[in-house]
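Okay, here's what each chain looks like letter by letter:
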Amino acid sequence: AVHTLITPVLTLAPESPVVTTSLADLALQKEDLPPDYRLKDRTVTSYAGASQVFRDLGWQQGYQVTYYRMDTDLNDITMITQEIAVYPVKTVRDAYSLKKEKLLPEEDSRTDYQVPFPQTGDRSIAWREVSTSGITPVVTYTVIFTKKNVYEKIALTGTSTDYELLKSLAAIAAEKIR
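A few points on the structure. Counting starts from 1 at the beginning of each chain's written sequence and moves along it residue by residue. Only residues with pLDDT of 70 or above have their local features reported here, since the model is predicted, and side-chain atom pairs are shown and tallied only from 80 upward, although totals for entire chains, interfaces and linings are computed over all residues. Note that water and hydrogens are dropped before the side-chain values are worked out from all heavy atoms of the structure.

1. Focus: helix H3 (residues 92-103)
Residues three or four positions apart in an α-helix share a direction because the helix packs 3.6 residues into each turn. As a reminder, the rule being used: To qualify as a helix, a DSSP run of H or I must reach at least 4 residues; to qualify as a strand, a run of E must reach at least 2; elements of each kind are numbered from the N terminus. Expected span of a helix: the number of residues minus one, times 1.5 Å. When accessible area is computed with a 1.4 Å probe and restricted to protein chains, residues below 20% of their type maximum are described as buried, those above 50% as exposed, and intermediate ones as partly exposed. What the arc describes is the spread of directions from the helix axis to the C-beta atoms. By the convention used here, residues are in contact when the closest approach between their heavy atoms is within 4.5 Å.
Taking 1.5 Å per residue as the helical rise, H3 with its twelve residues ought to reach 16 Å, and the 16 Å between its terminal C-alpha atoms agrees with that figure. Of all the residues in H3, the buried ones are Val92, Ala95, Tyr96 and Lys99. Projected onto a plane normal to the axis of H3, the buried residues spread over an arc of 100° and lie on a single side. Exposed side chains of H3 directed beyond 90 degrees from the buried face belong to Arg93 and Glu101. Along its buried surface, H3 packs onto helix H2 (52-56), strand E5 (123-131), strand E6 (138-147) and strand E7 (150-158).

2. With respect to the sheet that holds strand E2 (residues 61-71)
Threshold: Pairing between strands requires that DSSP locate at least two bridges from one strand to the other. A fitted line through C-alpha atoms represents every axis, and for helices the fit uses only the stretch in contact; the resulting angles, taken between N-to-C directions, go from 0 to 180 degrees.
If you trace the seven strands from one edge of the open sheet to the other, you get E1-E2-E3-E7-E6-E5-E4, paired in antiparallel fashion. Whereas interior strands pair on both sides, the edge strands pair on one side only; in this sheet they are strand E1 (38-45) and strand E4 (112-115). Across the sheet, the axes of successive neighbouring strands diverge by a mean angle of 15°, strand direction being ignored. Looking at chain direction, strand E3 (residues 76-86) and E7 are connected through nine bridges and run antiparallel. Opposite Glu83, over in E7, you have Lys153 as the bridge partner.

3. Quick word on the pattern of salt bridges
Here is the rule: Salt bridges are defined as contacts in which a side-chain nitrogen from Lys or Arg sits within 4 Å of a carboxyl oxygen from Asp or Glu.
Inspection of the entire model under this criterion finds six salt bridges. One salt bridge in this structure joins Lys153 and Glu83, with 3.9 Å as the shortest N-O distance. A residue pair is termed long-range when its members are at least 10 positions apart, and Lys153 in strand E7 and Glu83 in strand E3 qualify at 70 residues. Where Glu164 meets Lys167, a salt bridge forms, and the shortest distance between an N and an O atom there is 3.2 Å. One end of the pair is Glu164 and the other is Lys167, both in helix H4 (residues 163-176) and three residues apart, which spans about a single turn.

Put into structure tokens, the structure is as follows:
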């Protein structure tokens, strides 16, 4: 007797090209951050809050969350801001390109420059800026990326910053987009 092995065929539902979770669920949560960070602001971005050029690209919805850490004894404050915006699949790349152009530092800047960053989402870029206008220099690390039809910008700014923390937060944020 010949035994035929029957292997069940698994048919996975095709992965959606658009985000299927709510924007509040895409936002970084308190537990995603080091324990000394506190929530400062969490808000939905209104249509009026999106500039015309991005509305023309089909901006659909947005969300923003800000956390901060403060040490008054050391005059030290650090903020983490995450901006999330949803576009049609066909224009998310254009929105990314526009944002990238606006944010990239000037060619001859010695204080602002692009930094190597692990590939995040479908496309990403990161840079570092130093503002020396105050008593203490303030450093800002910013990463922008897209995944599916979502554009995100995460900025870490303050008198003490941690590039490795930004890398881990960007990875967590990208992972939430399903």
